Amino acid sequence: AESNYTQVQRIIRDTRLTLETVYYPFLRQILAALPGDHAYLTLDQTNHGADFNLVLVGWATDAVSLPLGFVISPTDGTWAEDARILLQRLETVIPTGRTITLLADRVHAGDPFLSCLDALGWGYVIRLAEDTFIETSTAGWCEVRHLRQRHGRMRVFRDVRIWKGATRQATVCLYRHRTADGSCTTWYLVTNLDGDQERFVEYAVRWWQECTHKLLKSALFQWEGGRVTEPARVLILLMGFGCACWALWIVGRTHARRVRRKPTTAKRQPQRQNVIKRGWDVLHAARKRRRMPVIPAPPAPRVLDYPLTA
């Protein structure tokens, strides 16, 4: 334990380890080997207590979002421009010819951010705040929450102006869903793609970023308990977390275990195992046997074809 602690201290003090010299070259090799021509990226932010905020961009697959890039900022600092710069850097890392769709929450639904995505040529599906103004042909300027909605029906406003102070036109989609307890939830999305129900399925994938946050902070890597707060050292730790996630995803997919479920039962059934945790278990068992598994080529990502039942 003492030797490992000393080695980790040396690593996180090594200023030669940067995103440009270590992590981005690693990503270029991984992404170039990934099959498929369409990728879903997620963007979300979290925090390390009261120390700093973290903006994370991830590659969505298998109910997780594999880390692509990070932005560390003070809790009272601005990070929106840094997040746009990060996307521009990642555009040079992702192989050309890939169709990119970015999924983000309502805090990112601003004109500068959408302008950045348009410049990159990416598609986007972003949640809107309910007090967002759009201009319709019948009601004029009004907040999206005041538009008529019906349970189980989707409304689409194509090429409408959003935000009175901007000239941007986009497609706005609304859908009202009744939950099991009888309450209604309405979703408002802005996109530059076709307005159909698939947009809501795609936006649901954004929640996979929250699963990655949980793995980082408490469920597996226990980052919340860490006391490293210097940004340069934190960035090195995050690069290690990112490399580990990609490797564990490949191992977990290679040794995936299908959980059998009964069609009807009153008893609680086993849940589908997280692919990252599955990779962790495989490596932990292999270390005990002193037979480390060979990491194969990356598999094809699974997003809309991810099996919901097993």
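So, here's what we can say about the structure.

Reading guide: rules and limits
Residues numbered from 1 in each chain as written. Predicted model: local features only at pLDDT ≥ 70, side-chain atom pairs only at ≥ 80, totals over all residues. Heavy atoms only, no water. 1 Å grid on protein atoms, 1.4 Å probe; cavity = no way out; pocket = protein on both sides within 12 Å on 5 of 7 lines; lining within 4 Å. Points joined across faces, edges and corners; volume = space filled by probe spheres on them. Helix = DSSP H or I, 4+ residues; strand = E, 2+ residues; numbered from the N terminus. Nonpolar A, V, L, I, M, F, W, Y, C, P; charged D, E, K, R; others polar. Core = buried A, V, L, I, M, F, W, Y, C linked by side-chain atoms within 4.5 Å. Buried < 20%, exposed > 50% of the residue type's maximum accessible area, 1.4 Å probe, protein only. Contact = heavy atoms within 4.5 Å. Pairing = 2+ DSSP bridges. Axes fitted to C-alpha atoms, helices over the stretch in contact; angles between N-to-C directions. Polar contact = N/O pair within 3.5 Å; in protein donor to acceptor, adjacent residues only side chain to side chain. Parallel < 35°, antiparallel > 145°, perpendicular 65-115°, else oblique. Left-handed = near helix turned anticlockwise from the far one by under 90°. Expected span 1.5 Å × (residues − 1). Arc of directions from axis to C-beta. Salt bridge = Lys/Arg side-chain N within 4 Å of Asp/Glu carboxyl O. Phe/Tyr/Trp six-rings, centres within 6.5 Å; stacked < 30°, edge-to-face > 60°.

**Focus: the layout of surface pockets**
Okay, step 1: Considered as a void within the structure, the largest pocket measures approximately 640 Å³ in volume.
Okay, step 2: What lines the largest pocket is a set of 23 residues, and nearest its centre among them are Val8, Ile12, Leu237, Gly240 and Phe241.
Okay, step 3: Mapped by element, the contributors of at least two residues to the lining of the largest pocket are α1 (2-12) and α7 (231-254).
Okay, step 4: A per-element tally of the lining of the largest pocket places α7 first, with 8 residues.
Okay, step 5: Residue composition of the lining of the largest pocket, by class: 17 nonpolar, 5 polar and 1 charged.

**As for the nonpolar core**
Okay, step 1: Counting 72 residues, the largest nonpolar core has Trp59, Leu68, Leu117, Ile126, Val172, Trp246 and Ile276 as its most contacted members.
Okay, step 2: With 10 residues, the top contributor of residues to this core is α7.
Okay, step 3: Residues within four places of Val172 in sequence aside, it is in contact with Leu128, Ile134, Val144, Arg155, Val156, Phe157, Val160, Ile162 and Leu189.
Okay, step 4: Core analysis: the next-biggest nonpolar cluster, separate from the first, contains 14 residues, Cys173, Leu189, Val205 and Tyr306 among them.

**Topic: the environment of Gly58**
Okay, step 1: By the element assignment, Gly58 lies in strand β2 (residues 53-61).
Okay, step 2: Through-space distance from the C-alpha of Gly58 to that of Trp207 is 11 Å; in sequence the pair is 149 residues apart.
Okay, step 3: Every residue in contact with Gly58, bar those within four places of it in the chain, is listed here: Tyr40, Leu41, Thr42, Ser65, Leu66, Pro67, Leu68 and Gln209.

**Re the sheet that holds strand β6 (residues 133-136)**
Okay, step 1: The strand order across the open sheet built from 10 strands is β3-β2-β1-β4-β5-β10-β9-β8-β6-β7, with neighbouring strands paired in mixed fashion. On the outer flanks of this sheet lie β3 (64-73) and β7 (140-143), each paired with one strand and no other. The sheet shows a mean angle of 30° between the axes of neighbouring strands, taken without regard to direction.
Okay, step 2: In the sheet, strand β8 (residues 154-162) pairs with strand β9 (residues 169-178) via 6 bridges, with the strands oriented antiparallel. Within β9, the position partnered with Phe157 by the bridge is Val172.

**A short note on the side chain of Thr42**
Okay, step 1: Inspection of the secondary structure puts Thr42 in strand β1 (residues 38-47).
Okay, step 2: Within polar-contact distance, the side chain of Thr42 engages the side chain of Ser65 at 2.5 Å.
Okay, step 3: Within the structure, the side chain of Thr42 is placed 2.6 Å from the side chain of Gln209, a separation counted as a polar contact.
Okay, step 4: Residues in contact with Thr42, not counting those within four places in the same chain, are Leu56, Val57, Gly58, Ala60, Ser65, Leu103, Val205, Arg206 and Gln209.

**Re the packing of helix α2 (residues 19-33) against α7**
Okay, step 1: Two elements in contact, α2 and α7, have axes whose closest approach is 11 Å; the angle formed by their N-to-C orientations is 15°. As judged from the angle between their axes, α2 and α7 are roughly parallel. Between α2 and α7 the crossing geometry is left-handed. Taken together, the residues of α7 that come into contact with α2 (itself represented by Leu19, Tyr23, Phe26, Leu27, Ile30 and Leu31) are Leu235, Met239, Gly242, Cys243, Trp246 and Ile250.
Okay, step 2: When the residues that make up the contact of α2 with α7 are grouped by side-chain class, the tally is 11 nonpolar, 1 polar and no charged.

**Some thoughts on helix α8 (residues 275-289)**
Okay, step 1: In this model, α8 (15 residues) spans 21 Å end to end at C-alpha, consistent with the 21 Å of a helix rising 1.5 Å per residue.
Okay, step 2: Every buried residue of α8 is listed here: Val275, Ile276, Arg278, Gly279, Val282 and Ala286. Angularly, the buried residues of α8 cover 160° about the axis, an arc narrow enough to put them on a single face. In α8, the exposed residues that point more than 90 degrees away from the buried face are Arg287 and Lys288.
Okay, step 3: On its buried face, α8 sits against β3, α6 (208-219) and α7.
Okay, step 4: Sitting at the amino-terminal end of α8 is Asn274, which places a side-chain oxygen 2.7 Å from the backbone nitrogen of Ile276.
Okay, step 5: At the C-terminal side of α8, Arg290 shows a positive phi close to 60°.

**Quick word on the pattern of salt bridges**
Okay, step 1: Per the counting criterion, the structure on display carries 15 salt bridges.
Okay, step 2: With its nearest N and O atoms 3.6 Å apart, the salt bridge here joins Arg206 to Glu210.
Okay, step 3: Each of the salt bridges in this network shares a partner with another, and the network as a whole consists of Asp44, Arg206 and Glu210.

**Brief notes about the packing of aromatic side chains**
Okay, step 1: Applying the stated criterion across every chain yields a total of 8 aromatic pairs.
Okay, step 2: Aromatic side chains Phe52 and Trp223 sit 5.9 Å apart centroid to centroid with 50° between the ring planes, which places their arrangement in the tilted category. On the criterion of sequence distance, the pair formed by Phe52 in the loop between β1 and β2 and Trp223 in the loop between α6 and α7 is long-range, its members being 171 residues apart. The same class applies to Phe52 and to Trp223, which are both buried.
Okay, step 3: With centroids separated by 6.0 Å and ring planes inclined at 80°, the aromatic side chains of Phe221 and Trp280 adopt a geometry described as edge-to-face. With a gap of 59 residues between them, Phe221 in the loop between α6 and α7 and Trp280 in helix α8 connect regions that are remote in the sequence.

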